[in-house]
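# Secondary and tertiary structure notes
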Amino acid sequence: MGKMFCYQCQETAKNEGCTIQGVCGKTADVANLQDLLMFLCKGISHYTVRLRELGIEIPQINKFITDSLFMTITNANFDKSRFITRVLMAYEMRNAAKEHLLSAGGSLEGITYDGAFWQGDTEAEMAEKALETSVLATEDEDIRSLRELTTYGLKGMAAYAEHAFNLGYEDNSIYGFMQRALVEVTDDSLNVEQLTALVLETGKYGVEVMALLDKANTGSYGHPEITKVNLGVRNNPGILISGHDMKDMEELLKQTEGTGVDVYTHSEMLPANYYPAFKKYSHFVGNYGSAWWNQIVDFESFNGPILFTTNCIVPPRKASTYGDRVYTTGASGFEGFTHIEDRENGQPKDFSALIEHAKKCAPPTEIETGEIVGGFAHNQVIALADKIVDAVKSGAIRKFFVMGGCDGRVKGRNYYTEFAEKLPMDTVILTAGCAKYRYNKLPLGDINGIPRVLDAGQCNDSYSLVKIALALKEAFGLDDLNDLPIVYNIAWYEQKAVIVLLALLSLGVKNTHLGPTLPAFLSPNVVNVLVNKFGIAGINSVDEDMKVMLEA
Ligand code: SF4
Ligand code: SF3
């Protein structure tokens, strides 16, 4: 075994595993501390599952486990000191849960998982234990694969649960499932079949968490509506906000109002432009730059401070000039970036440091002009349903291509640009997530006024695509989602894409193409199960796939 082992994302070294340092920039120290934190969260869950059986819910622990899972998502948090603090907190949480269980008359019998007991406070002890508890500790590759597939789904689920929580929306059954699943992935008595069922159950809760977040976002900020998003800049200093958290977006807009500082979105925050509650702010200018991995270029020319509310952070290059302009908040973190602390006692976060910083900076340098159109979430698309159904019936629209998911920096992802360009004019792309940046600025035109790229929003808004598909199924009087003229050609990168994929599988969506590579954490046997049960496939050349998918 190397100094670390991680294979949770699409960029993993040689599509096998990062063993020395993450391709993402994660150090071995941080990777190991993340493993240890996961190990301890599983240990805590052994107690909370039993407490729940006694009708006891501990909100602080629910929050702790959710935040901890989220912090270990690819490109969310690289800050070693934050993980050390978290590990120490995990001991406290776990010991408190154990005490609580005992005082409630619960039993510890049968709890043999080491994470429920182990405690080592020095860094050296932590590092040693982490190596012992890495994913490779599970020797059987199929069991390991299913355990990790579940765990990565839980990480994505945690991210969405956290955003909903920030808006005051919670569902204890989601926390309950997450913790039960964390226990089940430690259970050596579960076989491949039982773990496959757990994977699908994870997908079912994936649908629920996305529905919860949709309710939270639309209940708080209104339904996204068709919006032209400005790509150019104004002549005031600006703050660039990235990531996925809408509560942070709201508080930043409120606090910057009237200060002379403008606000722009980057990458996955682009869909904030579609919400009625945000559109009313005259200093909310539009979107700057493109997908996350382009930040090393976009942040240089932005000139002002940048706020990360979640992933995806790229460690700045040595020669970069923007490092001292980057702030993190929530689950995100990076040594050297300033971290804005969480809300306390219902008070908003304090973004004053960013605002003062912005005032001293030059306005953003213009890198493009014009606008892009988005806001095609379920409410908006369903309002256009008659028009869409007519277009399908008349043959003006032959097929829909769901091309949502993640973007990434590997060269092979040009595939998605080329695929979008080569799609025939009587096809429409449905998208969500940062994958859209591969084609959302191309002049792809429209069909009877319906744009050929319909952007529903962030990766979590894949839920919108499901709602749209269900509405179309109804409109066409079909029994099966798979009879719709919809093809799924999805790009993945990190673990939110994993929960989106599992959600689609749990809804019975078949024949999804997944690229640019199949996950390294899927063993050949698990791939076979996915192929046989769900018709999952990878991608080939654009021309080959186009032919297959148009005929599907
Ligand atoms: Fe490697 Fe991805 Fe893990 Fe980073 S998150 S260490 S790139 S597998
Ligand atoms: Fe993108 Fe990181 Fe996945 Fe939310 S911002 S989709 S990669």
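Residues numbered from 1 in each chain as written. Chains lettered and ligands numbered in written order. Predicted model: local features only at pLDDT ≥ 70, side-chain atom pairs only at ≥ 80, totals over all residues. Heavy atoms only, no water.

All right, on to the overall build of the protein chain then. Counting its secondary structure elements, the protein chain contains 18 helices and 15 strands. Here the protein chain has a C-alpha radius of gyration of 23 Å; the compact-globule value for 552 residues is 24 Å, and the two agree. Taking the principal axes of the C-alpha coordinates as reference, the protein chain spans close to 65 × 60 × 45 Å. In the protein chain, which comprises 552 residues, the proportion classed as buried is 60%. For the protein chain, the exposed area adds up to about 20,700 Å²; of that, 50% sits on carbon and sulfur atoms. Considering the protein chain, the positive charge centre built from 50 side chains and the negative charge centre built from 70 side chains are found 3 Å apart. (Helix = DSSP H or I, 4+ residues; strand = E, 2+ residues; numbered from the N terminus. Rg over C-alpha atoms; globule rule 2.2 N^0.38 Å. Buried < 20%, exposed > 50% of the residue type's maximum accessible area, 1.4 Å probe, protein only. Areas by Shrake-Rupley, 256 points an atom, 1.4 Å probe, with all protein chains shown as cover. Lys, Arg positive; Asp, Glu negative; His and termini not counted. Charge placed at Lys NZ, Arg CZ, Asp CG, Glu CD.)

Take the sheet that holds strand β15 (residues 513-515) next. Pairing within the open sheet is parallel, and its 5 strands lie in the order β13-β10-β9-β14-β15. Only two strands of the sheet have a single partner each, and these edge strands are β13 (453-455) and β15. Adjacent strand axes in the sheet meet at a mean angle of 20° when their direction is disregarded. In the sheet, strand β9 (residues 399-402) pairs with strand β14 (residues 486-491) via 3 bridges, with the strands oriented parallel. (Pairing = 2+ DSSP bridges. Axes fitted to C-alpha atoms, helices over the stretch in contact; angles between N-to-C directions.)

With that out of the way, let us pick up the packing of helix α6 (residues 172-184) against helix α7 (residues 192-221). Contact geometry of α6 with α7 gives a least axis separation of 10 Å together with a crossing angle of 155°. Taken together, the axis directions place α6 and α7 in an arrangement best described as roughly antiparallel. Crossing of α6 over α7 shows left-handed handedness. Two secondary-structure elements touch here, α6 through Ser173, Ile174, Phe177, Arg180, Ala181 and Glu184 and α7 through Leu195, Leu198, Glu201, Thr202, Tyr205, Glu208, Val209 and Leu212. Residues that form the contact of α6 with α7 fall into these classes: 8 nonpolar, 2 polar and 4 charged. (Parallel < 35°, antiparallel > 145°, perpendicular 65-115°, else oblique. Left-handed = near helix turned anticlockwise from the far one by under 90°. Contact = heavy atoms within 4.5 Å. Nonpolar A, V, L, I, M, F, W, Y, C, P; charged D, E, K, R; others polar.)

For the rest of this paragraph, the subject is the site of ligand 2. Around ligand 2 sit His244, Glu268, Trp292, Asn311, Cys312, Gly405, Cys406, Cys434, Cys459, Tyr493 and Glu494, and those are all the residues in its vicinity. Of the residues in the shell around ligand 2, the class split is 6 nonpolar, 3 polar and 2 charged. Formed jointly, the shell around ligand 2 draws a minimum of three residues from each of two domains, domain 2 (227-359) and domain 3 (384-551). (Near = heavy atom within 4 Å. Domains from an automatic or database assignment.)

All right, on to the site of ligand 1 then. The environment of ligand 1 is formed by Met4, Cys6, Tyr7, Gln8, Cys9, Thr12, Cys18, Gly22, Val23, Cys24, Lys26 and Thr74. Here the residues of the shell around ligand 1 sort into 7 nonpolar, 4 polar and 1 charged.

Once that is clear, we can look at the domain arrangement of the protein chain. Domain annotation of the protein chain identifies domain 1 (13-219), domain 2 (227-359) and domain 3 (384-551). Once you take the C-alpha centre of each, domain 2 and domain 3 turn out to be 29 Å apart. Contact with domain 2, which involves 22 residues of that partner, is made by 19 residues of domain 3. Together domain 2 and domain 3 conceal approximately 1,400 Å² of surface at their shared face, both sides included; 56% is due to carbon and sulfur atoms. (Buried area = accessible area lost by both parts, 1.4 Å probe.)

Moving on to α6. In this model α6 runs 18 Å from its N-terminal to its C-terminal C-alpha over 13 residues, within 8% of the 18 Å that 1.5 Å per residue would give. Every buried residue of α6 is listed here: Ile174, Tyr175, Gly176, Phe177, Met178, Gln179, Ala181, Leu182 and Val183. (Expected span 1.5 Å × (residues − 1).)

So, about the nonpolar core. Formed by 166 residues in total, the largest nonpolar core has its most connected members in Met157, Tyr160, Met249, Phe278 and Phe400. Every residue in contact with Tyr160, bar those within four places of it in the chain, is listed here: Val209, Met210, Leu213, Cys459, Asn460, Lys496, Ile499 and Val500. Leu423, Ile429, Leu444 and Leu550 belong to the second largest nonpolar core, which has 19 residues in total. (Core = buried A, V, L, I, M, F, W, Y, C linked by side-chain atoms within 4.5 Å.)

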